[in-house]
Amino acid sequence: MLSAFWNFTCALMGVVKLRVAICGGGIGGLAHACALAKYSDITVNIYESAAKLSPFGAGIGMWPRAWNVLCALGMGEDMAKITSVSPTNSTVHSFSFRKSDQSNGFTFGNMFSRGPLLTFHRAQFQEVLAQHLPPSCRIHHSKRLKSYSQGRYGGPIRLSFEDGSQATCDVLVGADGIKSAVRSCLLREQAEFARYSGQPSDKQKILVCKDYVSWAGSIAYRALIPVERLKEDCDQGLLHMIVYPVSKGQVVNLALFHFQPELQGMPYPGPWSKEVDESELFNIARFERWEPTVKHWLKHIRKPTKWAIHTVVDLPTYISGRAVLIGDAAHSCSPHQGTGAGQAIEDAYFLAELLGDPRTTLNTLPQALKVYDKFRRPWTQEASAKAMANGRYFTLHHDGFDFSHADAAAVVQKLHELTDLMIDEWKWCWTTTVEESLKAALSQLQDA
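Summarised in this report is the structure supplied together with it. (Residues numbered from 1 in each chain as written. Predicted model: local features only at pLDDT ≥ 70, side-chain atom pairs only at ≥ 80, totals over all residues. Heavy atoms only, no water.)

## Remarks on a nonpolar patch on the surface
Part 1: A contiguous nonpolar patch, built from Tyr153, Phe193 and Tyr196 and spanning about 410 Å² of accessible area, is present on the exposed surface.
Part 2: With respect to the helices, strands and loops of the structure, Tyr153 is situated in the loop between strand E8 (145-149) and strand E9 (157-161). (Patch = residues over 30% accessible without salt bridge, like charges linked within 9 Å, V, L, I, M, F, W, Y side chains within 5 Å. Areas by Shrake-Rupley, 256 points an atom, 1.4 Å probe, with all protein chains shown as cover. Salt bridge = Lys/Arg side-chain N within 4 Å of Asp/Glu carboxyl O. Helix = DSSP H or I, 4+ residues; strand = E, 2+ residues; numbered from the N terminus.)

Structure below.
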């Protein structure tokens, strides 16, 4: 009631409480602007480095936890129109786990969730977000952040862009992805603060020299396959192999992962993402021994995108003064639970609720951002660790067990153990809600 009264009063008086600048017009940045739309005393500018909004990647998924946030933002009805699965709170069969690297493959486990994984074509998903932006939100294209500066004792943040232009804001939100310019500046700023406050030189060096981005030792080959191409296989009863339908089921998103655990944490040579010829994939794994179902699917791959999976590892802070990180800029994770986009949306919503609260003012803003960091950083880093664990399980790396040479009974027993482990790592996506921690965070604003 207090928040609604405050917003109504501000609307009548034309008061601007905060000027928010969002660097990055991807899913996290757009979602944050949409989440701030209900607060008439907050102005929003989005600075996007590309000449137009251009989504990266093919398909994304939303588990019930993230879907509930979209519904809270008033997007449920429009998002439901572009997904191939009907939203429900009932228990559904969400995944089957199958061992296919042999001529007679078999399903060794099934996962059931309270509510399904909703799948979307990324471009369509981002388009719905853009449609929900308030008219007062301005998007500035071709604006790549070079650096920002802010006074140690408050005052506006000055943004400097690669084209020589500048802007100012009260809050800077870094939603600019895994190669975040905001994060680089934030870490340098933290290193300078460590030096100024006399903290150990080792900490200063770590902050200024390390960007916390690490190669996960995994390469993903992703391709979109029109369902029309699969009709022959559908007639042979092979539809059970579809794991990621998008665009209302008209297109299938197929991803194959090549994991080399010994390379985890090593530098990755070459570009992180590029289109390659399908022969590169088949040179890595020739699939002669794989079951026929897999071979049928692979024959439809054309020009897959090769993607080196990088993660942001244990970033020591998501904030510095009035600057704050969300989404991949803060906690990019592996895609093995389908939670990356959902976590960015949670960040966006969580931060907007803290900024929009009437107890958050220019004076209390740094304390409000500390509350955001206190609650979101441990949560997202734990979620990232769970996704990494599932990536290892998916590629049968567990407990030093040799799946290639063990007897059949031992293999089946170990696969059943893996099923339980994978589900345990995954179930937070439908057994928890962001509202639980948000309520606790808002209660701490009373002390801010």
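Having seen the structure, we can now continue with the description.
## A word on the nonpolar core
Part 1: The biggest cluster of nonpolar side chains holds 81 residues, and the ones touching the most others in it are Met62, Met79, Phe125, Leu159, Leu172 and Leu355.
Part 2: With 9 residues, helix H12 (residues 340-356) is the single largest residue contributor to this core.
Part 3: Grouped together as the second largest cluster of nonpolar side chains are 19 residues, Ala383, Val411, Ile423 and Trp426 included. (Core = buried A, V, L, I, M, F, W, Y, C linked by side-chain atoms within 4.5 Å. Buried < 20%, exposed > 50% of the residue type's maximum accessible area, 1.4 Å probe, protein only.)

## Some words on helix H13 (residues 365-394)
Part 1: With 30 residues, H13 should reach 44 Å at 1.5 Å per residue; the first-to-last C-alpha distance of 43 Å fits that figure.
Part 2: The sharpest bend along H13 measures roughly 30° and falls at Arg376, with the proline Pro378 sitting one to four residues further on.
Part 3: Remark: Leu396 follows H13 within two positions and exhibits a positive phi of approximately 60°. (Expected span 1.5 Å × (residues − 1). Bend = angle between axes of the 7 residues up to and from the residue.)

## Brief notes about the packing of helix H2 (residues 27-35) against H12
Part 1: Their axes nearest at 8 Å, the elements H2 and H12 cross at an angle of 30°. For the element pair H2 / H12, the angle class is roughly parallel. The chirality of how H2 crosses H12 is right-handed. Counted together, Ile27, Gly28, Ala31, His32 and Ala35 of H2 and Ala341, Ala344, Ile345, Ala348, Tyr349, Leu351, Ala352 and Leu355 of H12 form the full contact between these two elements. (Axes fitted to C-alpha atoms, helices over the stretch in contact; angles between N-to-C directions. Parallel < 35°, antiparallel > 145°, perpendicular 65-115°, else oblique. Left-handed = near helix turned anticlockwise from the far one by under 90°. Contact = heavy atoms within 4.5 Å.)

## Let's talk about the sheet that holds strand E10 (residues 166-169)
Part 1: Strand order across the open sheet formed by 3 strands is E8-E9-E10, with antiparallel pairing between neighbours. Each of the sheet's edge strands pairs with one partner strand only, and the pair in question is E8 and E10. Strand-to-strand, the axes of this sheet are offset by a mean angle of 25°, without reference to chain direction.
Part 2: By the bridge criterion, 4 bridges tie E9 to E10 in an arrangement that is antiparallel. (Pairing = 2+ DSSP bridges.)

## What about the pattern of salt bridges?
Part 1: Considering all chains together, one arrives at 17 salt bridges under this definition.
Part 2: Among the salt bridges present, the one from Glu346 reaches Arg65, with a minimum N-O distance of 2.6 Å. Of the two residues, Glu346 sits in helix H12 while Arg65 sits in helix H3 (residues 64-72), which places them 281 residues apart along the sequence. Each of the two residues, Glu346 as well as Arg65, counts as buried.
Part 3: Across the pair Lys143 and Asp163 runs a salt bridge whose closest N-O atoms are separated by 2.8 Å. One end of the pair, Lys143, is in the loop between strand E7 (138-140) and E8; the other, Asp163, is in the loop between E9 and E10, with 20 residues separating them in the sequence.
Part 4: Of the residues examined, Lys143 reaches a relative accessible area of 19% and is grouped as buried.
Part 5: Residues joined by salt bridges that share partners form a network here, namely Arg65, Glu346, Asp347 and Arg376.

## Observations concerning the pairing of strand E11 (residues 171-174)
Part 1: Of the two faces of E11, both are covered, the one formed by Val171 and Val173 as well as the one formed by Leu172 and Gly174.
Part 2: When E11 meets strand E18 (residues 323-325), the two strands line up parallel, connected through 3 bridges. Residue pairing across strands places Val173 opposite Val324, the latter belonging to E18.

## Considerations on the pairing of strand E1 (residues 18-23)
Part 1: The element E1 is largely enclosed, with a buried count of 5 among its 6 residues.
Part 2: Considered for its hand, the β-α-β crossover made up of E1, H2 and strand E2 (residues 42-47) is right-handed.
Part 3: In terms of strand pairing, E1 meets E11 through 4 bridges, oriented parallel. Within E11, the residue paired with Ala21 across the bridge is Leu172. (Right-handed = clockwise from strand over helix to strand, strands pointing away.)

## Re the environment of Ser334
Part 1: Looking at the secondary structure, you find Ser334 in the loop between helix H11 (328-331) and H12.
Part 2: C-alpha of Ser334 to C-alpha of Ile309: the two residues are 25 residues apart in sequence and 6.4 Å apart in space.
Part 3: Reaching out from Ser334, the side chain makes a polar contact with the backbone oxygen of Ala387 at a distance of 3.4 Å. (Polar contact = N/O pair within 3.5 Å; in protein donor to acceptor, adjacent residues only side chain to side chain.)

## Considerations on the packing of aromatic side chains
Part 1: A complete count under the given rule lists 13 aromatic pairs for this structure.
Part 2: With a centroid separation of 5.8 Å and 65° between ring planes, the pair formed by Trp63 and Trp426 is classed as edge-to-face. A residue pair is termed long-range when its members are at least 10 positions apart, and Trp63 in the loop between strand E3 (59-62) and H3 and Trp426 in helix H14 (residues 408-426) qualify at 363 residues.
Part 3: Look at Trp63 and you get buried, because its relative accessible area is 3%.
Part 4: Under the relative-accessibility criterion, Trp426 is labelled buried at 3%.
Part 5: A ring pair is formed by Phe120 and Phe125, whose centres lie 5.1 Å apart and whose planes are at 65°; its orientation type is edge-to-face.
Part 6: Since its relative accessible area comes to 0%, Phe120 is described here as buried. (Phe/Tyr/Trp six-rings, centres within 6.5 Å; stacked < 30°, edge-to-face > 60°.)

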